[in-house]
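# Chain and residue survey
Listed below, chain by chain, are the residues.
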Amino acid sequence: MSSTLRAACVIGWPVEHSRSPLIHNYWLKQYGIAGAYRREAVPPEQFAAFIGSLAARGYVGANVTLPHKEAALALSQPDARALAVGAANTLWLDAGVLRSTNTDVEGFLDNLDACAPHWDRSPGRAVVLGAGGAARAVIYGLIARSLDQIVLINRTPGHAEDLRQKFGARVRIAPWEALNAALADAALLVNTTTLGMPRQPALPVDLARLPGDAVVADLVYVPVCTPLLAAAKARALRTADGLGMLLHQAVRGFALWFGTTPAVTAELRKVVEADLGPSAAKPTGLT
Ligand code: NAP
């Protein structure tokens, strides 16, 4: 490897499914940067040694995907975002120190800003469905934007309670059965569950309950237009999709590793959509 070639990678187990190489290599070409971005399949028992030798392997940083995000947090110097989310997805070497962050937070917020400008100008109540890792990033982001009323709804109440304890009084829990009742007067609905993906049950949601100026965001990106987003569009509600979030969350890593802040463009979206394949475009039925 040339000493001037900056390289980064995505580390996962498995890692074949990751779209990060497609996104970062698109930007490297677009900006004429002599860099490289690779996939690294690393089993859990080898992860610590791998990231301990990132520099020796020629890497300036890395993305981290399943199942390594918690280990990446523990083995690096995390920022406040990664600590709040409880997982790191982006690593970089800073004068020999391995630092980490979680870019799902800004991916979610930047995508919302791009798709529904001023959504937070007069923030009302947000309803967040799901209480997994992605929900943590979303709730952290909503609180950072001063939304002080977040209704969290999850199939397993204990998981929602864990997040309420973590994030405090701004988060209120409602039962899964009260999902539709919670939509009245909501300004923002965010799906962070896996419902809407292929072979998953449909999300039991009736969007007729949402006010006409509400925004609907879905983190699921296969299909790109989920049944939830299709129903929101049919009601002429503003929407933000999971593919947009995926692209926006990649920006910070690229800037950290390669020194240029890349743009999320319609052309990049098309490239990734094409790679996701025709099934990614098709919504399956809503209840
Ligand atoms: P996770 O930690 O496994 O959480 C999954 C969530 O889905 C939990 O709240 C779980 O509820 C809920 N769920 C699963 N099956 C369900 C069912 N049959 N009925 C009701 N709820 C169900 O996953 P995650 O990391 O948070 O990811 C969630 C989704 O966000 C995935 O589709 C992922 O691809 C997507 N995501 C997208 C981006 C992006 O950039 N677009 C970034 C991160 C994540 P329980 O607590 O009851 O199990």
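Everything discussed here concerns the structure shown above.
Residues numbered from 1 in each chain as written. Predicted model: local features only at pLDDT ≥ 70, side-chain atom pairs only at ≥ 80, totals over all residues. Heavy atoms only, no water.

### With respect to the site of the ligand
Surveying the vicinity of the ligand reveals 22 residues, the closest of which are Ala134, Asn154, Thr156, His159 and Gly242. Within the contact set of the ligand, an oxygen atom lies 2.5 Å away from a side-chain nitrogen or oxygen of Thr156. In isolation the ligand exposes 920 Å². Once the protein is present, 75% of that is buried. Among the secondary structure elements, those contributing two or more residues to the shell around the ligand are α6 (133–144) and α9 (242–258). Among the elements that line the shell around the ligand, the one with the most residues is α9, at three residues. When its residues are assigned to classes, the shell around the ligand shows 10 nonpolar, 10 polar and two charged. (Near = heavy atom within 4 Å. Polar contact = N/O pair within 3.5 Å; in protein donor to acceptor, adjacent residues only side chain to side chain. Areas by Shrake-Rupley, 256 points an atom, 1.4 Å probe, with all protein chains shown as cover. Helix = DSSP H or I, 4+ residues; strand = E, 2+ residues; numbered from the N terminus. Nonpolar A, V, L, I, M, F, W, Y, C, P; charged D, E, K, R; others polar.)

### Examining the packing of aromatic side chains
Applying the stated criterion across every chain yields a total of five aromatic pairs. With a centroid separation of 5.5 Å and an interplanar angle of 65°, the aromatic rings of Trp27 and Phe254 are classed as edge-to-face. With Trp27 in helix α1 (residues 20–30) and Phe254 in helix α9, this residue pair connects regions lying 227 residues apart in the sequence. On the basis of relative accessibility, which here comes to 0%, the residue Phe254 falls in the buried class. Plain terms: the ring middles of Trp257 and Phe258 are 6.3 Å apart, the flat faces sit at 85° to each other, and that makes the pair edge-to-face. Counting every residue linked through ring pairs, the aromatic cluster contains Trp27, Tyr31, Tyr37, Phe254, Trp257 and Phe258. Across the ring face of Trp92, the terminal group of Arg252 is positioned such that the distance to the ring centre comes to 5.4 Å. (Phe/Tyr/Trp six-rings, centres within 6.5 Å; stacked < 30°, edge-to-face > 60°. Buried < 20%, exposed > 50% of the residue type's maximum accessible area, 1.4 Å probe, protein only. Lys NZ or Arg CZ within 6 Å of the ring centre and 35° of its normal.)

### Quick notes on the pairing of strand β1 (residues 6–12)
Counting buried positions along β1 gives six out of seven residues, so the element sits mostly inside the fold. In this structure, β1 lies alongside strand β2 (residues 35–41), joined through seven bridges in parallel fashion. Its bridge partner lying in β2, Cys9 is registered against Arg38. Crossover handedness for the path β1 to α1 to β2: right-handed. Note: β1 against strand β3 (residues 59–64), five bridges, orientation parallel. (Pairing = 2+ DSSP bridges. Right-handed = clockwise from strand over helix to strand, strands pointing away.)

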